[in-house]
Amino acid sequence: MNRIDERFKKLKEDNKKALIPFVTFGTGMSIKETIDLVSELDKNGATVVEIGVPFSDPLADGPVIQNSYINALNEGIKLNDVFNAVKEIRESSEVPIVIMVYFNIVFHKGIEEFIKTAAECGVDGLIVPDVPLEERKELDNICLKNNIHLIPLVARTSRDRISKIVDGARGFVYCVSTNGTTGERSKLDSGTVEYLEEVKKLVNIPMCIGFGISSKEVVADVKDHCDGVIVGSAIVKRMKEGKEAVIDFVKDLKKGFEDK
């Protein structure tokens, strides 16, 4: 069984929700510090850790993650650094790891080679935000052969396509909360709850919401309508302050699941 499935199975048994932090690899921290951060996130309640592979044109991301990618690239971070780090993380941690990567990087390495290497290093899932439904079949088939879950993203603007997007999905469904790029928001757009309830009727695997989750208050607002939350920009912003700042923030976010 894939590590992602194992974690969500355990959460369901314990009647708990998922917390999925996103970290840009190698921004504001050295490679070693980033590896240590992922392990600490696991110890402090992360269900899955999503690692962003720095890219020069991240069209789905807002200013915080865009800038973090630029910083990481300026530090010389390469794809192989990410793969080697996952391999090192696997020496001491079984935390499920999802790689978020733009397709240009996958294509440049070669789809088969990218997925094979990812699997050998210990990657459990893949998010490729710029591959649409109509073009994902080859990628999904190769992921399936290597026991990697290709995580689908569903947006509020694609309601008539949601059933096709989630058909055959594995791991979890990534629900995009807002019509726009990633970034912190003090509250989610109106209609978010209705959108989540609509997706819930169409999926038989966990569904998690991301884009704009920035505080325990927002977590409390959505927790009853999804299986977990994904937190990106708010985490990446705190990576500049160091590991403890990120861990303290994650602990605070988890309080949102406890609010009535």
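Residues numbered from 1 in each chain as written. Predicted model: local features only at pLDDT ≥ 70, side-chain atom pairs only at ≥ 80, totals over all residues. Heavy atoms only, no water.

As recorded in an unreviewed UniProt entry, the protein goes by the name Tryptophan synthase alpha chain, listed as coming from Clostridium neonatale. If you open the UniProt record of the protein and go to Function (unreviewed entry), you find "The alpha subunit is responsible for the aldol cleavage of indoleglycerol phosphate to indole and glyceraldehyde 3-phosphate." Annotation of the protein in UniProt includes, under Catalytic activity (unreviewed entry), the sentence "(1S,2R)-1-C-(indol-3-yl)glycerol 3-phosphate + L-serine = D-glyceraldehyde 3-phosphate + L-tryptophan + H2O". (UniProt positions renumbered as here; feature names shortened; annotations may be inferred.)

Caption draft 1: View of the overall build of the protein. The helix and strand inventory of the protein stands at twelve helices and nine strands. Computed over its C-alpha atoms, the radius of gyration of the protein comes to 17 Å, within 12% of the 18 Å expected for a compact globule of 260 residues. For the protein, the spread of C-alpha atoms along the principal axes amounts to about 40 × 40 × 35 Å. Contacts in the protein between residues far apart in sequence, at least 24 positions, make up 72% of those at least 6 positions apart. A total of about 11,900 Å² of accessible surface is found on the protein, and carbon and sulfur atoms cover 46% of it. The distance from the centre of the 36 positive side-chain charges to the centre of the 42 negative ones in the protein is 3 Å. (Helix = DSSP H or I, 4+ residues; strand = E, 2+ residues; numbered from the N terminus. Rg over C-alpha atoms; globule rule 2.2 N^0.38 Å. Contact = heavy atoms within 4.5 Å. Areas by Shrake-Rupley, 256 points an atom, 1.4 Å probe, with all protein chains shown as cover. Lys, Arg positive; Asp, Glu negative; His and termini not counted. Charge placed at Lys NZ, Arg CZ, Asp CG, Glu CD.)

Caption draft 2: Local environment of the confidence of the model for the protein. Of all residues in the protein, 94% have pLDDT values of 70 or greater, and the mean over the chain is 92. Segment residues 180–185 is flagged for pLDDT under 50; beyond a separation of four residues in sequence, or across chains, it makes 25 contacts in the model. (pLDDT = per-residue confidence, 0-100.)

Caption draft 3: Molecular detail of the packing of aromatic side chains. For the structure on display, the rule yields five aromatic pairs. Here the aromatic rings of Phe-55 and Tyr-102 are separated by 5.4 Å at their centres, their planes lie at 20°, and the arrangement is stacked. Within this pair, whereas Phe-55 is found in the loop between strand S2 (49–52) and helix H3 (63–74), its partner Tyr-102 is found in the loop between strand S3 (97–100) and helix H5 (103–109), the two being separated by 47 residues in sequence. The buried category is assigned to Phe-55, whose relative accessible area is 14%. Given a relative accessible area of 0%, Tyr-102 falls into the buried group. Ring centres of Phe-103 and Phe-107 lie 6.0 Å apart, and the angle between their planes is 40°; this geometry places the pair in the tilted category. Of the two residues, Phe-103 and Phe-107 are both situated in helix H5; the distance of four residues between them amounts to about one turn of the helix. (Phe/Tyr/Trp six-rings, centres within 6.5 Å; stacked < 30°, edge-to-face > 60°. Buried < 20%, exposed > 50% of the residue type's maximum accessible area, 1.4 Å probe, protein only.)

Caption draft 4: A look at the pattern of salt bridges. Counted according to the given criterion, the structure contains 15 salt bridges. Notably, a salt bridge pairs Glu-134 with Arg-161, separated by 2.7 Å at the nearest N-O pair. Linking Glu-134 in the loop between strand S4 (125–127) and helix H7 (137–145) with Arg-161 in the loop between strand S6 (153–154) and helix H8 (162–166), this pair joins segments that are 27 residues apart in sequence. Here Glu-134 falls in the exposed class, since its relative accessible area comes to 56%. When the shortest N-O distance is used, the salt bridge between Lys-223 and Asp-224 registers 3.3 Å. Its relative accessible area of 52% is what places Asp-224 among the exposed residues. (Salt bridge = Lys/Arg side-chain N within 4 Å of Asp/Glu carboxyl O.)

Caption draft 5: Spotlight on the sheet that holds strand S8 (residues 207–210). If you walk across this open sheet you meet the nine strands as S5-S4-S3-S2-S1-S9-S8-S7-S6, and the pairing is parallel. Across the chains shown, the open sheet's two edge strands, defined by having one partner strand only, are strand S5 (149–150) and S6. Of the pairings in the sheet, the one linking strand S1 (residues 18–24) to S2 comprises three bridges and is parallel in character. Across the sheet, the residue bridging to Val-23 is Ile-51, located in S2. Where H3 meets the sheet, it contacts S1, S2 and S3, and its direction lies at approximately 45° from that of S1. Lying on the sheet, helix H9 (residues 192–200) is in contact with S6, strand S7 (173–176) and S8; it crosses S8 at an angle near 150°. (Pairing = 2+ DSSP bridges. Axes fitted to C-alpha atoms, helices over the stretch in contact; angles between N-to-C directions.)

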